[in-house]
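As a plain string of letters, each chain reads:
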Amino acid sequence: MSDIPLGVLDLVPVSSGSTAADALRNSIDLARQTEQLGYARYWFAEHHLNPGVAGTSPAVVLALTAAATSTIRLGSGAVQLGHRTALSTVEEFGLIDALHPGRFDLGLGRSGGRPPAERATGPTATPVVDGRAPNGLLIPPRFSFERLLGSPRIALQRRLLLLPNAESQDYAEQIDDILALLAGTYRSPEGVEAHVVPGEGAELELWILGSSGGQSAEVAGARGLRFAANYHVSPATVLEAVDGYRAHFQPSDHLDKPHVSVSADVVVAEDDATARELATGYGLWVRSIRTAEGAIAFPTPEEARAHVWSEEDRELVQDRLDTQFVGSPGRVADQLEQLQEATGADELLITTITHDHADRVRSYELLAQEWGRR
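Structure report, in brief. (Residues numbered from 1 in each chain as written. Predicted model: local features only at pLDDT ≥ 70, side-chain atom pairs only at ≥ 80, totals over all residues. Heavy atoms only, no water.)

**Let's talk about the environment of Asp319**
Now for step 1: For Asp319, the location among the structural elements is in helix α12 (residues 311-322).
Now for step 2: Considering only alpha carbons, one finds Asp319 and Ala21, 298 residues apart in sequence, at a separation of 32 Å.
Now for step 3: If sequence neighbours within four positions are ignored, Asp319 has contacts with Pro140, Phe143, Pro235 and Arg290. (Helix = DSSP H or I, 4+ residues; strand = E, 2+ residues; numbered from the N terminus. Contact = heavy atoms within 4.5 Å.)

**Brief notes about empty space enclosed by the protein**
Now for step 1: A full pass over the atoms with the stated rule returns 1 cavity of 30 Å³ or more.
Now for step 2: Approximately 40 Å³ is the volume found for the largest cavity.
Now for step 3: Split by residue class, the lining of the largest cavity holds 5 nonpolar, 2 polar and 3 charged. (1 Å grid on protein atoms, 1.4 Å probe; cavity = no way out; pocket = protein on both sides within 12 Å on 5 of 7 lines; lining within 4 Å. Points joined across faces, edges and corners; volume = space filled by probe spheres on them. Nonpolar A, V, L, I, M, F, W, Y, C, P; charged D, E, K, R; others polar.)

**Some details on the nonpolar core**
Now for step 1: Counting residues in hydrophobic clusters, the biggest one holds 77 residues, and the most contacted among them are Leu108, Val262, Leu336 and Leu348.
Now for step 2: Contacts of Leu348, omitting those with residues within four sequence positions, involve Ile4, Pro5, Leu6, Gly7, Ser261, Val262, Leu336, Leu339, Gln340 and Trp371.
Now for step 3: Counting residues in hydrophobic clusters, the runner-up holds 22 residues, among them Leu9, Ala45, Val53 and Phe298. (Core = buried A, V, L, I, M, F, W, Y, C linked by side-chain atoms within 4.5 Å. Buried < 20%, exposed > 50% of the residue type's maximum accessible area, 1.4 Å probe, protein only.)

**Notes on the layout of surface pockets**
Now for step 1: Approximately 250 Å³ is the volume attributed to the second largest pocket.
Now for step 2: If you go around the second largest pocket, you meet 15 residues; those closest to its centre are Arg276, Ala279, Thr280, Gly283 and Leu321.
Now for step 3: Of all elements in the fold, only α10 (282-290), α11 (301-305) and α12 reach the threshold of two or more residues within the lining of the second largest pocket.

**Looking at the side chain of His48**
Now for step 1: Within the fold, His48 resides in the loop between β2 (41-44) and α2 (58-66).
Now for step 2: Judged by its relative accessible area of 14%, His48 falls in the buried class.
Now for step 3: Excluding anything up to four places from it in sequence, His48 contacts Thr56, Gln80, His83, Arg153, Gln157 and Leu161.

**Re the packing of aromatic side chains**
Now for step 1: Across all of its chains, the model carries 8 aromatic pairs by this definition.
Now for step 2: Summarising the aromatic geometry, the rings of Tyr39 and Tyr364 are spaced 5.5 Å apart at their centres and angled 80° between planes, so their arrangement reads as edge-to-face. Of this pair, Tyr39 sits in the loop between α1 (20-37) and β2 while Tyr364 sits in helix α14 (residues 357-372), and the two are 325 residues apart along the sequence. In terms of burial, Tyr39 and Tyr364 fall into one category: buried. (Phe/Tyr/Trp six-rings, centres within 6.5 Å; stacked < 30°, edge-to-face > 60°.)

**Section: the pairing of strand β10 (residues 347-351)**
Each regular strand shows side chains that alternate between the opposite faces of the sheet.
Now for step 1: Burial runs high along β10: 5 of the 5 residues are buried.
Now for step 2: Every second residue of β10 is oriented toward a common face, with Glu347, Leu349 and Thr351 on one face and Leu348 and Ile350 on the other, all of them buried.
Now for step 3: Pairing analysis gives 3 bridges linking strand β1 (residues 6-10) to β10, with the strands arranged parallel. Bridge pairing in β10 links Leu6 to Leu348. (Pairing = 2+ DSSP bridges.)

**Structural notes on unusual backbone geometry**
Now for step 1: In this structure, the amide linkage connecting Gly77 to the following residue, Ala78, adopts the cis form with an omega of 15°.
Now for step 2: With an omega of -10°, the peptide bond running from Val197 to Pro198 counts as cis.
Now for step 3: Mapped onto the elements of the fold, Pro198 is located in the loop between α6 (171-183) and β6 (205-210).
Now for step 4: Backbone geometry places Ala292, a non-glycine residue, at a positive phi of 65°.
Now for step 5: The residue Ala292 is located in the loop between α10 and α11 in this model.

**Quick word on a nonpolar patch on the surface**
Now for step 1: A cluster of nonpolar side chains, namely Leu49, Leu156 and Leu160, defines an oily patch on the protein surface of about 260 Å² accessible area.
Now for step 2: Along the chain, the position of Leu156 falls in helix α5 (residues 152-161).
Now for step 3: Given a relative accessible area of 33%, Leu156 falls into the partly exposed group. (Patch = residues over 30% accessible without salt bridge, like charges linked within 9 Å, V, L, I, M, F, W, Y side chains within 5 Å. Areas by Shrake-Rupley, 256 points an atom, 1.4 Å probe, with all protein chains shown as cover. Salt bridge = Lys/Arg side-chain N within 4 Å of Asp/Glu carboxyl O.)

This is the structure in structure tokens:
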């Protein structure tokens, strides 16, 4: 399986007892180390108003990381277009590409200030029987995000991200504008040209990120762009997402055939018991996100065990717990092979959070060693 590249997805997590500055230093260090370990990409997510996540601006963190690394591709997973314009996005990435040409992936997502949209439930070509894909990959029941969409905190985030009375642009139009600005072909409806300096002609690799077979998958496929599906965020809809993308794919100047990356939550240690201990805080951390409180600082195993779980709590996080890959290098590599086979992924994107930075680095190291042997 070493011909399937592994990448890194980093939220810049803040551990309990530490600071955002610690988290940033740890992420830059992890990027250096995963570069040496042979990981192909290092992506930063964008999140807001989360006490336990410091990755609020991918372009800024990418600029800092580019100066500390030399070969690994760096990217956003993803820039939230709901509160941005096409121009600001191209300008930001054009700036960092100007100093580090050819190293950046511009991953684009719909969220961030955009009004909540009904989650698409498009058809899937891959049958799921009794919660399993044909090769046995777990596909859990669909999680309802209604609680999050109606949260006052989510409404506050939208208010703070958008200028007064501003409205998000239609997503498909926004993607087209980004493509045109990068290519130097943008024209307004009145025929006025716009040329972005720096930005026009930037050597960026474009990706669309999506959790379902809805608009993101359709836009990525129809425009012949790369697509990243989220097993770690929405495991119930990963097959729908990749099937929807492939069904809409049209060859383009960017790609002649579909190209898919799939993400997974992973914790690896020397043995299964140690890995389970390191992953103890994950359930409580996911709970904080799904109750719309905002991600808490990642707890120690002892802090996590002190939480008294209700049945409602467990239901909130069960799908994420069941689909986190935790264990020895061999066990986790087997699970990643199963995920790759079920989705037909061309790449896998690994996201790992542990309380201690050394354990997170070690997890990526053990996985890289095992993956390279296969």
